[in-house]
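Per-entry structural report
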Amino acid sequence: MTKVRSLSNPWFESVAVAQRRAKRRLPKSVYSALIAGSEAGVTLADNVAAFAELGFAPHVGGASASRDMTTMVMGEQISLPVLISPTGVQSVHPDGEVAVARAAAARGTAIGLSSFASKPIEDVVAANPQTFFQLYWAGSREQIAARIERARAAGARGLIVTLDWTFSHSRDWGSPWIPDKVDLKAMLRMAPEALSRPQWSLEWIRAGGPPDLSVPNVAPPGQPPLTFFGAYGEWMMTPPPSWEDLRWLREQWHGPFMLKGVIRADDARRAVDAGFTAISVSNHGGNNLDTTPASIRALPAIVEAVGDQIEILLDGGIRRGGDVVKALALGAKAVMIGRAYLWGLAATGQAGVENVLDIMRAGIESALLGLGRPSTAEIVREDVIVPPGFSSRG
Ligand SMILES: Cc1cc2nc3c(=O)[nH]c(=O)nc-3n(C[C@H](O)[C@H](O)[C@H](O)COP(=O)(O)O)c2cc1C
C-alpha cells in the first residue's frame, strides 16, 4: 500500500527520499556525476557528518506564533536563507537551470548560475531575475571581461567567483565516462544505460534529443558554445589568479561580488581587502582537496575573523532545514545548496526543486519553533551544542 502511494505521489518528504528517486531515475553515470566527491570522499562525507555532531538546545514555553525567515544576501531580499549554489552539471533534466531558476523564483530565492551550466544566462535571468553568475578564472582578462559584460547585459544581479577547484578529481569508486560530444558513437555507448532509465530517456526525446553537453555561457554571445571539456581545458591551461587579478576583477564588476570556496580565516581577510561583498565558506561540496574538513567546521573561525566586515554564507552538506539553522547559529547569514536541489530536479524537475526548498523552509520553521526564536535573524550560538574539538575534527 505504502509503495503504491509513493509511486503515484510525486511529492517527497525529505532530501534523502529525493536522492533515492534520483538514483532510480537517472542513468548510472549521470547519478554518479552528481555524487562526485574527490578521491576517497572523506570531505564529501564529513560535510554531512559534521552537521549531525551539532545538537540543538530547544526551549519550551513562550514561543512566538510567527516565524520570519526573510534575509538580505548580496543586496537581494530572499524569503528564506537558502540559495541555489551554482552547479555545472548537465543531463539531469532537459529544462536544466531554467527549471531550477523558476523553482527558486516561485519560492522567493536567488540562484547562482554556473559557467558550466547547460542553459544560457539570458534564459535563466528571464526565469528568475535574482540570478548571480558564477565565474571560474579561465582564459585571458579580455575573455573574462567579455563574460562578465554578457552577464551584466543579461541582468545578473551579482557575480560569484569560485576559486577552490583543483585537478584532484580522481575518485576511488571510479568516475563516470563523460563524452566530449554526444555523437552517434557516444550515443551507442550510452544506449544500455539510457534504455535502463526509460522515463529519463523519454523526457529527453520529448525535448528534442539527448543532452548536448555544451556550455553556452563561456563563449561571447553569438559565438558557438564550447563543449564541457573545451571549457574545462581552458580553465586548466589558465594560470590561477593572484589577489591582484581578483582586485582587477572587482573593478570590472561594480555590483555584489562573492568569493566562493574560502575555508581559512586568512583568506577571508584577503577577500575583505580585495573588496568582496560576500564569501561562501565552502570546499566545493567535497570536490576540492580531499580531507579538507567540512565547511561547517571552518565557519566559526572565519566568522570570528571577518564576521562584521563581509557577508558570510556557507555551502556543503546541507540536507535539511535544521542544518540551515545550525549554520546560522554558527554565524552564517545564509546557506547555499547543491546536491539537494539536483536530486529534486532529477526526481520531478521544477516541482522537485520547489519540493526541496519547501523541505528546507519547513525544517527551518520547525527549528525556530523548537528553539523559541521568532526569526532566523534571532538565532544565536547558544541554540546549538557544539562538541569540544568540533572545528579541528574531520
Ligand atoms: C555535480 C556538481 C557540480 C558542481 N559544479 C560547480 C560549478 O560549476 N561551480 C561552482 O562554483 N560550484 C560547483 N559545485 C559546488 C556547489 O556549488 C556547492 O559548493 C556544493 O555542491 C555544496 O555541497 P552540497 O552538494 O553538499 O550541498 C558543484 C557541485 C556538484 C555536486
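Now for a quick tour of the structure. (Residues numbered from 1 in each chain as written. Predicted model: local features only at pLDDT ≥ 70, side-chain atom pairs only at ≥ 80, totals over all residues. Heavy atoms only, no water.)

**Notes on the overall build of the protein chain**
We apply this condition: A run of H or I in DSSP becomes a helix once it reaches four residues, and a run of E becomes a strand once it reaches two; helices and strands are each numbered from the N terminus. We call a residue buried when its accessible area falls under 20% of the maximum for its residue type, exposed when it is over 50%, and partly exposed in between, using a 1.4 Å probe and counting protein chains only. We count Lys and Arg on the positive side and Asp and Glu on the negative side, and we leave His and both chain ends out. In this description, the location of a charge corresponds to atom NZ of lysine, CZ of arginine, CG of aspartate or CD of glutamate.
Of the regular secondary structure elements, the protein chain holds 16 helices and 14 strands. Based on the C-alpha atoms only, the size of the protein chain along its principal axes is roughly 65 × 60 × 40 Å. Within the protein chain, the fraction of its 394 residues that count as buried is 54%. Put simply, the protein chain has 39 plus and 38 minus side-chain charges, and the middle of one group is 7 Å from the middle of the other.

**Overview of the site of the ligand**
Convention followed: Proximity is defined per residue: any heavy atom of the residue falling within 4 Å of a molecule or strand makes that residue near it. Counting of polar contacts relies on pairs of N or O atoms within 3.5 Å, with two restrictions inside protein: one atom must be capable of donating a hydrogen and the other of accepting it, and residues adjacent in sequence are counted only when both atoms are side-chain atoms. Each accessible area is a Shrake-Rupley result for a 1.4 Å probe, and residues are judged covered by the shown protein chains and nothing else. Residue type decides the class: Asp, Glu, Lys and Arg count as charged, Ala, Val, Leu, Ile, Met, Phe, Trp, Tyr, Cys and Pro as nonpolar, and the leftover types, Gly among them, as polar.
Surrounding the ligand, one finds 22 residues, the nearest of these being Pro86, Ser114, Tyr136, Thr162 and Asp315. Between Lys260 and the ligand, the recorded distance is 2.9 Å, taken from a side-chain N or O atom to a nitrogen atom. In this structure, an oxygen atom belonging to the ligand sits 3.0 Å away from a main-chain N or O atom of Gly338. Protein coverage of the free-state accessible area of the ligand, which is 600 Å², stands at 96%. Its residues assigned to classes, the shell around the ligand shows five nonpolar, 13 polar and four charged.

**Focus: the nonpolar core**
Rules: Buried Ala, Val, Leu, Ile, Met, Phe, Trp, Tyr and Cys residues form a nonpolar core when they are joined through side-chain atoms within 4.5 Å. By definition in these notes, contact holds between two residues if any of their heavy atoms fall within 4.5 Å.
In this structure, Leu249, Ile279, Ile296 and Met360 are the most contacted members of the largest nonpolar core, which totals 99 residues. Here the element with the most residues in this core is helix α16 (residues 350-371); it accounts for nine residues. Among all residues touching Met360, those that are not within four sequence positions of it are Val15, Leu80, Val82, Ile318, Arg319, Arg320, Gly321, Val324, Ile337 and Ala340. Judged by nonpolar contacts, the second largest core, of twelve residues, contains Met74, Ile78, Met258 and Ala278.

**A word on the packing of helix α4 (residues 42-53) against helix α13 (residues 295-306)**
The criterion, for reference: With axes taken as lines fitted to C-alpha atoms, and helix axes fitted only over the stretch in contact, angles between N-to-C directions fall between 0 and 180 degrees. Any angle from 65 to 115 degrees is called roughly perpendicular, while one under 35 is roughly parallel, one over 145 is roughly antiparallel, and all others are oblique.
It is the contact of α4 with α13, at a shortest axis distance of 8 Å, that shows an interaxial angle of 65 degrees. Considering the angle they form, α4 stands roughly perpendicular to α13. Here α4 contributes Asp46, Asn47, Ala50, Phe51 and Glu53 to the contact with α13, which in turn contributes Ser295, Ile296 and Arg297. The residue inventory of the contact of α4 with α13, partitioned by class, reads three nonpolar, two polar and three charged.

**Concerning the packing of helix α5 (residues 96-106) against α16**
How two helices pack is summed up by the angle between their axes together with the distance between the axes. What counts, and what does not: In this scheme, a crossing is called left-handed if the near helix is turned counterclockwise away from the far one by less than a right angle; it is called right-handed if the turn is clockwise.
Where α5 meets α16, the closest approach of the two axes is 8 Å, and the angle between their N-to-C directions is 40 degrees. Classified by the angle their axes make, α5 and α16 are oblique. Like other packed secondary-structure pairs, α5 and α16 cross with a definite hand, here right-handed. Of the residues in α16, those touching α5 at Ala99, Val100, Arg102, Ala103, Ala104 and Ala106 are Gln350, Val353, Glu354 and Leu357. Classifying every residue of the contact of α5 with α16 by side-chain character gives seven nonpolar, one polar and two charged.

**What about a nonpolar patch on the surface?**
Rules: Like-charged residues within 9 Å of one another, or nonpolar side chains (Val, Leu, Ile, Met, Phe, Trp, Tyr) within 5 Å, are grouped into patches, provided each residue has over 30% relative accessible area and no salt bridge. Any carboxyl oxygen of Asp or Glu that lies within 4 Å of a side-chain nitrogen of Lys or Arg is treated as forming a salt bridge with it.
Together, Phe167, Met236 and Met237 make up an exposed nonpolar region whose accessible area comes to about 370 Å². For Met236, the position within the fold is in helix α10 (residues 228-237). Overall, the relative accessible area of 37% leaves Met236 in the partly exposed class.

**Topic: the pattern of salt bridges**
As enumerated under the stated definition, the model contains 16 salt bridges in all. Taking the shortest distance from any N to any O, the salt bridge between Glu76 and Arg157 comes out at 2.7 Å. With Glu76 in strand β3 (residues 76-78) and Arg157 in the loop between α7 (141-154) and β7 (158-162), this residue pair connects regions lying 81 residues apart in the sequence. Taking relative accessible area as the criterion, Glu76 reaches 8% and is therefore assigned buried. Given a relative accessible area of 34%, Arg157 falls into the partly exposed group. Two residues, Arg147 and Glu234, come together in a salt bridge whose shortest N-O distance is 3.0 Å.

**Points about unusual backbone geometry**
Residues other than glycine predominantly adopt negative phi, and peptide bonds predominantly adopt the trans conformation. Within the chain, Ala36 stands out as a residue other than glycine whose phi angle is a positive 45 degrees. Looking at where Ala36 falls in the secondary structure, it is placed in the loop between α3 (28-35) and α4. Accessibility expressed as a relative area gives 5% for Ala36, which makes it buried. Unusually for a residue other than glycine, Glu39 sits at a positive phi of about 50 degrees. Along the polypeptide, Glu39 turns up in the loop between α3 and α4.

**Describing the side chain of Thr109**
Assignment of secondary structure puts Thr109 in the loop between α5 and β5 (111-113). Here Val82 takes part through its backbone oxygen, which lies 2.6 Å from a polar atom of the side chain of Thr109. Residues in contact with Thr109, not counting those within four places in the same chain, are Ile78, Leu80, Val82, Leu83, Ala104, Asn128, Gln130 and Leu357.

**What about the packing of aromatic side chains?**
Which entries qualify depends on this criterion: Working definition: rings of Phe, Tyr and Trp (its six-membered ring) pair if their centres are within 6.5 Å, and the pair is stacked with planes under 30 degrees apart, edge-to-face with planes over 60 apart, and tilted otherwise. Two conditions define a charge sitting above a ring: the NZ of Lys or the CZ of Arg must be within 6 Å of the ring centre, and it must be within 35 degrees of the ring normal.
Summed over all chains, the structure comprises eleven aromatic pairs. When the ring of Trp200 is compared with that of Trp204, the centres are 6.1 Å apart and the planes differ by 55 degrees; the resulting orientation is tilted. Taken together, the residues span about one helical turn, with Trp200 and Trp204 both in helix α9 (residues 198-206) at a distance of four residues. Summarising the burial analysis for this pair, Trp200 and Trp204 share the class buried. Considering the side-chain rings of Phe228 and Phe229, the 5.7 Å spacing of their centres and the 85 degrees angle between planes classify their relative orientation as edge-to-face. Here Phe229 falls in the partly exposed class, since its relative accessible area comes to 34%. We note Arg189 situated over the ring of Trp177; from NZ or CZ to the ring centre the distance is 3.9 Å. Seen from the ring of Phe390, Arg297 lies directly overhead, with NZ or CZ sitting 5.0 Å from the centre.

The analysis is restricted to geometry; functional conclusions fall outside its scope.
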